[in-house]
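Chain by chain, the residues:
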Amino acid sequence: MQAVLEARNTLGEGITWCDRAQALYWTDIHASTLWRYAPSSGETKQWHLPERLASFALCEADGWLLLALASRLAFFRLEDGALHTLHEVEPQLPTRCNDGACDRQGRFVFGTLHEPADSGAKQPIAGFWRLHADLTLEKLPLEGVAISNSLAFSPDGRTLYYCDSLARTIRCCDYGDTLGDTRLFANLRDTAGEPDGSCVDADGGLWNAQWGLGRVVRYRTDGSVDRILPLDARQPTRPAFGGAALDTLYVTSARDGLDDTSLASEPLAGALFAAQVGLHGLPEPRFAGRPPVGDTP
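Thresholds, definitions, all that
- Residues numbered from 1 in each chain as written.
- Predicted model: local features only at pLDDT ≥ 70, side-chain atom pairs only at ≥ 80, totals over all residues.
- Heavy atoms only, no water.
- Helix = DSSP H or I, 4+ residues; strand = E, 2+ residues; numbered from the N terminus.
- Buried < 20%, exposed > 50% of the residue type's maximum accessible area, 1.4 Å probe, protein only.
- Contact = heavy atoms within 4.5 Å.
- Areas by Shrake-Rupley, 256 points an atom, 1.4 Å probe, with all protein chains shown as cover.
- Lys, Arg positive; Asp, Glu negative; His and termini not counted.
- Charge placed at Lys NZ, Arg CZ, Asp CG, Glu CD.
- Core = buried A, V, L, I, M, F, W, Y, C linked by side-chain atoms within 4.5 Å.
- 1 Å grid on protein atoms, 1.4 Å probe; cavity = no way out; pocket = protein on both sides within 12 Å on 5 of 7 lines; lining within 4 Å.
- Points joined across faces, edges and corners; volume = space filled by probe spheres on them.
- Nonpolar A, V, L, I, M, F, W, Y, C, P; charged D, E, K, R; others polar.
- Phe/Tyr/Trp six-rings, centres within 6.5 Å; stacked < 30°, edge-to-face > 60°.

Caption draft 1: Just the overall build of the protein chain, in detail. For the protein chain, the count of helices and strands is 1 helix and 24 strands. Taking the principal axes of the C-alpha coordinates as reference, the protein chain spans close to 50 × 45 × 45 Å. Evaluated residue by residue, the protein chain yields a buried proportion of 58% over its 297 residues. Intrachain contacts of the protein chain at a sequence separation of at least 6 include 47% that bridge at least 24 residues. Entry remark: accessible area of the protein chain is about 12000 Å², with carbon and sulfur atoms responsible for 46%. Distance from the positive charge centre (27 side chains) to the negative charge centre (39 side chains) of the protein chain: 1 Å.

Set out below in C-alpha cells:
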C-alpha cells in the first residue's frame, strides 16, 4: 500500500467514503478533528470539535453527519459546525464511544471502550448500541468488551461483525431487528497484534486493519485468510473502499504510543494509505434519522 496523504494523525480512524462529495471523511480521535480529503484534487479540510470524535455516519440529509463523540451522539452540520446532541452514552461508566457503522437499514451501530481513571488495564465493561431512525437508542445484547471495534455488515445486511480488540478475536452473529448467537469468525491470538476497524467488499470479504502488525487482512466469508496487504505503518486502524468506482482500498493509521525512536524509523505512521486490490466496495449506508429543522443549539 502507498501513502497518499501524510496526515500525521495521532489516532486516525473511522474512514468513510462519501459518494455525494466524492471524498473521504475520517477522524483523528485524540486531536478531536474531522478530516475530509478529495482524491481527485488532493484538497483537504478539517473541522475541530469540542471533544474527541470516535466515529460517525453519513446522513441521508445533505450536509449532515451523525457523530459518536466521546461522551454523546450528536448531529453535525458541515456548513457551519452546528452540533445538536441526541444522547449521552454510558454516562455512569468510565467509557467513551469508539467504532461505529450504519447497518443496511440506516441504523447506526456503535460500541464503546473502557477508559480507566487510573490508567490501569481496560476491562470488558463497555458495550454495543444501536441508534434507530426515530432517534431512540437501544443497547444490543452482546457480551461486554474492553475496546469495541471491527463493526461491519455483510452485503445482505444479515451478518454483523464486531470484536473486542483486547480479546484478539473477531466475532459475528446473525443480524436483524434481533441478533442471533455469536460465533468466532477470526482468531488473532497467535499474533502480537489486535484486530481494529473493518469493512466489507461487494463479494462479502471482510477487510480488517491489524494494529501492531502493519497489515490489512481480507477474510473470506468462512473466516479463512484470503490475502494480506502490508503497509509502512505498524498501527493501521480502519479500511474503507472509495473512489468513483469504489475500487480503491484506503486505510487510516496512527502514531499514538510511538516514541521518538519508533517515529524516526516509521515516518509514515499516521498517514492515509491506498491500494488497488482488484475488488469493489459497497456504497456506504447512510443514517436514516432526520436532523432538526432550522437552527440547532
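Caption draft 2: Representation of the nonpolar core in the model. If you look at the biggest cluster of nonpolar residues, it comprises 17 residues, and the most contacted ones within it are Leu66, Leu73, Phe108, Phe110 and Phe287. In terms of residue count, strand 7 (residues 64-69) provides more of this core than any other element does, 3 residues in total. Not counting residues within four places of it along the chain, the set of residues in contact with Leu73 comprises Leu67, Ala68, His84, Thr85, Leu86, His87, Val89, Phe108, Phe110, Leu131 and Leu137. Listed in part, the 16 residues of the second largest apolar core include Trp207, Ala209, Val216 and Leu229.

Caption draft 3: Examining the layout of surface pockets more closely. Considered as a void within the structure, the largest pocket measures approximately 420 Å³ in volume. Considering the residues around the largest pocket, the lining is formed by 20 residues, among which Leu11, Leu113, Ile147, Trp211 and Asp256 are closest to the centre. Broken down by secondary-structure element, the contributors of at least two residues to the lining of the largest pocket are strand 10 (95-102) and strand 18 (194-200). Element by element, the count of residues in the lining of the largest pocket is highest for strand 18, at 3 residues. Within the lining of the largest pocket, the residues separate by chemical class into 7 nonpolar, 6 polar and 7 charged.

Caption draft 4: Structural detail: empty space enclosed by the protein. All told, the structure shown has 2 cavities of 30 Å³ or more when counted by the stated rule. For the lining of the largest cavity, the secondary-structure elements that each account for two or more residues are strand 2 (12-18), strand 10, strand 14 (148-153), strand 18 and strand 22 (236-242). Per element, the largest residue contribution to the lining of the largest cavity is 4 residues, and it comes from strand 22. Of the residues belonging to the lining of the largest cavity, the class tally is 16 nonpolar, 2 polar and 3 charged.

Caption draft 5: The arrangement of the packing of aromatic side chains in detail. This structure, assessed with the given rule, holds 10 aromatic pairs. Ring centres of Phe75 and Phe287 lie 6.1 Å apart, and the angle between their planes is 45°; this geometry places the pair in the tilted category. One end of the pair, Phe75, is in strand 8 (residues 72-77); the other, Phe287, is in the segment after strand 24 (272-276), and 212 residues separate them in sequence. Each member of the pair, Phe75 as well as Phe287, carries the same accessibility label: buried. Here the aromatic rings of Trp207 and Phe241 are separated by 5.9 Å at their centres, their planes lie at 80°, and the arrangement is edge-to-face. Here the residue Trp207 occupies a position in strand 19 (residues 206-211), and Phe241 occupies one in strand 22, the gap between them amounting to 34 residues. By relative accessible area, which is 0% here, Trp207 ends up buried. The structure contains a cluster of three or more aromatic residues connected by ring pairs, namely Trp64, Phe75 and Phe287.

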